[in-house]
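Breakdown of the fold
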Amino acid sequence: MNQRRFGLLCAVMLGFGQLCMFTGFDAESFILESVIHSIHEREPERISSYAGYYGQAVIYAFYMISCLFSPSIAAVSTPKINLILAATFFSAFPLGFLFTNSYYYYASSALVVFYQGQGGYLTSHSTRNTIESNVSISWSVGSCCMILGSAIMATITHLSSATTEHIMGSLNVTSEAHKMERQFGELEINLLFSAFTGISVLGIITFFVMPSKDVENCIESSSEKKETFLEALKLTCSTLVSPTMLQLFPLFVLSGFNTSFWLSVFPTAMSFTMQNSKLIYLAAVYSLGVGSGEVIIGLAISFLSKRIKDFGQKPTMTIGAIFITMYCAMIHMSTPYDAPIRPTSKEPLFFGHSYLLALIIGLFCGIGDCCVNSVRSVICALLMPKRRPQAFSVSKIYHAFGSTILFFMSPITPLYVYTIGLPILAIIATILFFSISKRTQIMERKMTEASKNAAEIGKKLNF
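This text gives an overview of the structure that appears in the document. (Residues numbered from 1 in each chain as written. Predicted model: local features only at pLDDT ≥ 70, side-chain atom pairs only at ≥ 80, totals over all residues. Heavy atoms only, no water.)

1. Some thoughts on the overall build of the chain
Keep this limit in mind: Where helices and strands are cited, they refer to DSSP runs of H or I of at least four residues and of E of at least two residues respectively, numbered from the N terminus. Relative accessibility under 20% of the residue-type maximum defines a buried residue, over 50% an exposed one, and the middle range a partly exposed one, all with a 1.4 Å probe and only protein chains included. In this description, contact between two residues means that some pair of their heavy atoms is separated by no more than 4.5 Å. Working definition of accessibility: Shrake-Rupley area with a 1.4 Å probe, residue cover restricted to the visible protein chains.
Broken down by element type, the chain carries 17 helices and zero strands. The 463 residues of the chain split such that 60% are buried. Within the chain, counting contacts between residues at least 6 apart in sequence, those at least 24 apart form 86% of the total. Counting only carbon and sulfur atoms, one obtains 70% of the accessible surface of the chain, whose full area is about 18400 Å².

Printed below as a string of structure tokens:
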């Protein structure tokens, strides 16, 4: 097998492992607050009604802290080992919903923070010519988790629909809005989270059998350890406050805000909207749209990156900002302003939700998210050649910072704050990214020219 095909195989296997690991986590995020709200309605002492939001805030808060140490861990470990550990912790999270209680829920939320190794594995199995393509392919395959999660949710919702309707009809509450919100029964919850646990275990197996050998002329070897644990930690801290990374702060925070909004806040808003009580497949259809958008644009970026130099940078960022603005506008017009906070019977500004609208919004969310995250991975791989692990780590710290703030504020934040704020942040991030991207391209040209000059001098000396 030639090196290009080997690198492609590694990118696909990494994507498949992420698909398995994130099928449960992402699908859970779509319904987490609604599921916990349903459990709280039946047994208030079992778990807090807003534990879905707060639990995800805990996940990202601990993740932010762990990313500070991830380059240090990488200095004494390998990307493959880190990925296996990550998949193990991700499998423990859905398992807890088979016996829901607050202690295990928050403890397993804290363990989910350990997601390390993806950036290191990609750079050790990619060259400069293949990094943009491999990032997009890996992301596209991994994003099929949305489609698989959609199929799992739709199937189990169908099988348990009779039980769900019985619960909605017999729930002993006085508020009309609560009577009409989407409810999840015990059978549906057990089936969903059993399936999510099983697919997560498959991710552990995939990472275990993944090739460890690096490709020739890779961007960064996985076996070459340049720093000790403490040296890597010092480099991470200095990178965290470097002017270059601070200029990319809006991009990294945008990726955190954006992902958390479409992954959890908006699906919760759909579930809490009274008019959607009969649309029991809404989350599944929305997940299908997100997954399809991620895969379509990921494959398009991979294809065009081979034909248009640096397509994975400025053009991809522009596409991402446009689609984020478009989906925010659609959500703004179709969703009540208080829907992320509580079950509501208020009317939307222009039109309500439908399966078709959920599919289109999901498609646009997937396209915007894939573009932003692809750009983030590419710029981190190229921007600081001598500090790549630190650059990836800092991008995740700022990403997690944005997500943590969003989830802690979600129980009191109206929808329109998100739908207006995200497009503004996307525009700011795009403008600043263009400046950094141009600087990176100039740096690469100088390095290429220096390499050619050194090669020519070497030939003359040998002659």
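Still more ground to cover, so stick around.
2. Thoughts on helix α12 (residues 249–272)
Threshold: In a helix, the anticipated span is given by 1.5 Å times the number of residues less one.
In this model, α12 (24 residues) spans 33 Å end to end at C-alpha, consistent with the 34 Å of a helix rising 1.5 Å per residue. Burial of α12 is extensive: 22 of the 24 residues sit out of reach of the surface.

3. Here's the deal with unusual backbone geometry
Its identity is not glycine, yet D310 carries a phi of approximately 60 degrees, on the positive side. Considering the arrangement of structural elements, one finds D310 in the loop between α13 (282–305) and α14 (314–334). Here D310 falls in the buried class, since its relative accessible area comes to 14%.

4. Structural notes on the state of the cysteines
How we decide: Note on terminology: pairs of cysteine sulfur atoms within 2.5 Å are recorded as disulfides.
Taken as a whole, this structure holds zero disulfides when the rule is applied. C20 carries a free sulfur, and the closest cysteine sulfur to it, the one in C145, is 9.6 Å from it.

5. Structural notes on the packing of helix α6 (residues 131–159) against helix α9 (residues 186–209)
How two helices sit against one another is set out by the angle between their axes and by the gap between those axes. Operational definition: Axis lines are fitted to C-alpha atoms, over the contacting stretch for helices. Their N-to-C directions set the angle, which ranges from 0 to 180 degrees. Relative orientations are named as follows: roughly parallel for angles under 35 degrees, roughly antiparallel for angles over 145 degrees, roughly perpendicular for angles from 65 to 115 degrees, and oblique for any other angle. When the near helix sits turned anticlockwise from the far one by under a right angle, the crossing is termed left-handed; a clockwise turn instead gives a right-handed crossing. Residues were grouped as follows: Ala, Val, Leu, Ile, Met, Phe, Trp, Tyr, Cys and Pro as nonpolar; Asp, Glu, Lys and Arg as charged; and all remaining residues, including Gly, as polar.
At their nearest, the axes of α6 and α9 sit 10 Å apart, and the two run at 150 degrees to each other. On the basis of the axis angle, α6 is roughly antiparallel to α9. Where α6 crosses over α9, the two elements pack in a sense that is right-handed. Only E188, L191, L192, A195, F196 and I199 of α9 make contact with α6, whose side of the interface consists of L148, I152, M153, I156 and T157. Per-class residue counts for the contact of α6 with α9 are nine nonpolar, one polar and one charged.

6. Details of the nonpolar core
Proteins that are soluble and globular tend to have nonpolar side chains buried together. Put simply, the rule reads: What makes a nonpolar core is a set of buried Ala, Val, Leu, Ile, Met, Phe, Trp, Tyr and Cys residues whose side-chain atoms join them at distances within 4.5 Å.
By size, the foremost hydrophobic cluster in this structure holds 111 residues, and its most contacted members are F261, Y286 and Y327. It is helix α1 (residues 3–42) that contributes the most residues to this core, 16 residues altogether. Apart from the residues within four sequence positions on either side, F261 is in contact with F266, P267, Y327, I331, L406, L415, Y418, T419 and L422.

7. Observations concerning α14
Structurally, the α-helix is built with 3.6 residues per turn, so residues lying three or four positions apart point the same way. The terminal C-alpha atoms of α14, which comprises 21 residues, lie 31 Å apart, in line with the 30 Å expected from a rise of 1.5 Å per residue. Inspection of α14 places T316, M317, G320, A321, F323, I324, Y327, C328, M330, I331, H332 and S334 among the buried residues, and these make up the whole buried set.

8. Focus: the packing of aromatic side chains
Inclusion rule: Between the rings of Phe, Tyr and Trp (Trp by its six-membered ring), a pair exists once the centres lie within 6.5 Å; its type follows the angle of the planes, with under 30 degrees stacked, over 60 edge-to-face, and the other angles tilted. In this scheme, the term charge over a ring applies when either NZ of a lysine or CZ of an arginine sits within 6 Å of the ring centre and within 35 degrees of the ring normal.
Enumeration over the complete set of coordinates arrives at 11 aromatic pairs. Ring centres 6.3 Å apart and planes at 15 degrees place the aromatic pair F252 and Y398 in the stacked group. On the criterion of sequence distance, the pair formed by F252 in helix α12 and Y398 in helix α16 (residues 388–409) is long-range, its members being 146 residues apart. Three or more aromatic residues joined by ring pairs form one cluster here, namely F249, F252, Y398 and F401. The ring centre of F303 lies 3.8 Å from the NZ or CZ of R307, which sits over that ring.

9. Concerning the packing of helix α10 (residues 229–240) against α16
Relative orientation of the contacting elements α10 and α16 amounts to 55 degrees, with a least axis distance of 9 Å. With respect to α16, the element α10 is oriented oblique. For the pair α10 and α16, the sense of crossing is right-handed. Contacts between α10 and α16 involve A232, L235, T236, T239 and L240 from the first element and Q390, A391, S393, V394, I397 and Y398 from the second.

10. Section: the side chain of T268
The criterion, for reference: Pairs of N or O atoms within 3.5 Å make up the polar contacts considered here, provided that, within protein, one atom can donate a hydrogen while the other can accept it, and that residues adjacent in sequence are counted only when both atoms are side-chain atoms.
Here T268 is to be found in helix α12. A polar contact is formed between the side chain of T268 and the backbone oxygen of S264, at a distance of 2.8 Å. If near-sequence neighbours (up to four positions away) are discounted, T268 is found in contact with F30, E33, S34, Y53, A339 and P340.

11. Details of the environment of A107
Along the polypeptide, A107 turns up in helix α4 (residues 102–111). By relative accessible area, which is 44% here, A107 ends up partly exposed. Spatially, the C-alpha atoms of A107 and A92 are 9.9 Å apart, while their sequence positions differ by 15 residues.

12. Details of a nonpolar patch on the surface
Note the cut-off: Patch membership is restricted to residues that have no salt bridge and whose relative accessible area is over 30%. Joining uses 9 Å for like charges and 5 Å for the nonpolar side chains Val, Leu, Ile, Met, Phe, Trp and Tyr. In what follows, salt bridge is the name for a side-chain nitrogen of Lys or Arg lying within 4 Å of a carboxyl oxygen of Asp or Glu.
Together, F16, V201, L202, I205, F208 and V209 make up an exposed nonpolar region whose accessible area comes to about 540 Å². Top contributing element to the nonpolar patch by residue count: α9, with five residues.

13. A word on the pattern of salt bridges
What the rule picks out here adds up to two salt bridges. Notably, a salt bridge pairs R342 with D338, separated by 3.5 Å at the nearest N-O pair. The partly exposed category is assigned to R342, whose relative accessible area is 40%. The salt bridge involving D338 is made with K346; its shortest N-O contact spans 3.7 Å. Using a relative accessible area of 2% as the deciding quantity, one classes D338 as buried. We classify K346 as partly exposed; its relative accessible area is 39%. Salt bridges sharing common partners tie together D338, R342 and K346.

14. As for the environment of V265
Counting through the fold element by element, V265 comes out in helix α12. Along the chain, V265 and A339 lie 74 residues apart, while their C-alpha atoms are 9.1 Å from each other. The residues contacting V265, other than those within four sequence positions of it, are Y53, S260, P340, L406, S410 and Y418.

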